[in-house]
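# Residue-level structural notes
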Amino acid sequence: MKRILGWTLAAILVLGVGLVGWLYFAGGSGEPSTELTTPPIAEASTTTASESTDPTADPVTTVPSTVTSAGQAFVIDPSLSVASFEIDEVLRGSPKHVVGTTSELAGQIQVDPADLTSAEFSQILINARTFETDSGNRDRAIRGPVILNSASDEFEFISFDVTSVDGLSGAAAVGEPIDFTVTGDLKIKDTTQSVTFDVSATFIDENTIEGSAQTTVLRDDFGLGIPQAPGVADVSQEVVIRLDFVATSV
């Protein structure tokens with residue numbers, strides 16, 4: 001009986017060590033595969049004018065169907081900006097509030113401060129491979145296949161494409177916060193969901209915008225599992241995603 005119990009404990013130990021080893025190596029190094037560059041503002045779409053039956057009329061031309069805003073471009077400065085996530089878990093029987101951060105984010109807004117309705121946004125990109133928490137083991141697990149799978153080149157980036165903006169109107173005044181919401185398509189791994197960020201932004205001066213954007217998503221909605229790692233339990237469904245940014249004019 002003691003021999004059977006001993007073999008059982010040994011097998012459990014081997015499986016545990018194997019799982020930890022798999023999580024360690026599957027998480028990769030956490031180094032970005034490429035330098036993150038600022039996505040462009042999408043160009044206005046074009047349409048072909050209706051063909052005229054008048055033989056003396058000018059030839060058919062291609063004209064813009066929308067006019068790109070004549071604003072100023074403000075680009076996120078990654079050296080002054082942070083993307084983060086927050087989630088709660090129970091680690092070795094004790095509650096733990098986990099915060100992961102990265103400065104690997106990029107995006108831009110084009111806006112005329114005298115007419116905030118002119119605002120246009122580029123895609124927002126976050127390098128999910130570079131998130132860091134207070135634990136290297138947790139970081140490797142986050143990069144692994146069960147959670148973000150960001151060690152894979154295919155899923156290295158989280159992207160957000162704006163589809164609508166609500167609450168932007170009038171003109172901006174230096175030093176006065178502007179609160180609005182931005183809705184768009186958030187892609188994490190191979191799943192895309194529509195989410196809404198609450199945004200607060202302030203023109204610090206004519207060349208600088210400082211602000212934050214925050215939303216809450218559910219792990220299951222994006223297929224974010226939890227590895228069966230020793231000591232980890234009761235990981236919350238809710239994940240807070242936040243961007244604290246400084247954007248400067250170019």
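What comes next is a walk through the structure. The shown structure was predicted, so the numbers you read here are calculated from the model rather than taken from an experiment.

## A word on the overall build of the protein
- Scanning the protein from terminus to terminus reveals two helices and 15 strands.
- Split into buried and exposed, the 250 residues of the protein put 36% on the buried side.
- About 14200 Å² of surface is accessible on the protein, with carbon and sulfur atoms providing 54% of the total.

## A short note on the pattern of salt bridges
- Under the counting rule described, the total for this entry stands at six salt bridges.
- A salt bridge links R129 to E156; the shortest N-O distance between them is 3.6 Å. Of this pair, R129 sits in the loop between β9 (124–127) and α2 (136–143) while E156 is found in the loop between α2 and β10 (157–166), placing the two residues 27 residues apart along the sequence. The residues R129 and E156 share a single accessibility class, namely buried.
- As a salt-bridge pair, R138 and D134 come within 2.6 Å of each other at their nearest N and O atoms.
- The exposure class assigned to R138 is buried, which follows from its relative accessible area of 13%.

## Examining the environment of V82
- Mapping V82 onto the fold places it in strand β4 (residues 82–91).
- In this structure the C-alpha to C-alpha distance between V82 and L243, which are 161 residues apart in sequence, comes to 5.9 Å.
- Residues within four places of V82 in sequence aside, it is in contact with T101, T102, L105, R242, L243 and D244.

## Observations concerning the nonpolar core
- V111, L148, L186, I188 and I209 are the most contacted members of the largest nonpolar core, which totals 42 residues.
- Once you skip the residues sitting within four places of it in the chain, L148 turns out to touch A128, F131, I142, F155, I188, K189 and L224.

## Topic: α2
- Across the eight residues of α2, six count as buried, placing the element largely inside the fold.
- The N-cap residue of α2 is S135: its side-chain oxygen and the backbone nitrogen of N137 are 3.4 Å apart.

## Overview of the side chain of S84
- Turning to its location among the elements, S84 is positioned in strand β4.
- Residues contacting S84, with those up to four places away along its chain left out, are G100, T101, F131, V240, I241 and R242.

## Re the packing of aromatic side chains
- The tally for this structure, following the rule as stated, stands at three aromatic pairs.
- Centre to centre, the rings of F85 and F131 are 5.1 Å apart; their planes meet at 85°, and the pair counts as edge-to-face. Taken as a pair, F85 in strand β4 and F131 in the loop between β9 and α2 lie far apart in primary sequence, 46 residues in all. We note that F85, like F131, is buried.
- Consider the rings of F160 and F197, whose centres lie 4.9 Å apart with planes at 75°: the pair is edge-to-face. Note that F160 is positioned in strand β10 and F197 in strand β12 (residues 191–205), a separation of 37 residues in sequence.
- The class of F160 is buried, set by a relative accessible area of 7%.
- Taking relative accessible area as the criterion, F197 reaches 5% and is therefore assigned buried.

The rules behind the values
- Residues numbered from 1 in each chain as written.
- Predicted model: local features only at pLDDT ≥ 70, side-chain atom pairs only at ≥ 80, totals over all residues.
- Heavy atoms only, no water.
- Helix = DSSP H or I, 4+ residues; strand = E, 2+ residues; numbered from the N terminus.
- Buried < 20%, exposed > 50% of the residue type's maximum accessible area, 1.4 Å probe, protein only.
- Areas by Shrake-Rupley, 256 points an atom, 1.4 Å probe, with all protein chains shown as cover.
- Salt bridge = Lys/Arg side-chain N within 4 Å of Asp/Glu carboxyl O.
- Contact = heavy atoms within 4.5 Å.
- Core = buried A, V, L, I, M, F, W, Y, C linked by side-chain atoms within 4.5 Å.
- Polar contact = N/O pair within 3.5 Å; in protein donor to acceptor, adjacent residues only side chain to side chain.
- Phe/Tyr/Trp six-rings, centres within 6.5 Å; stacked < 30°, edge-to-face > 60°.

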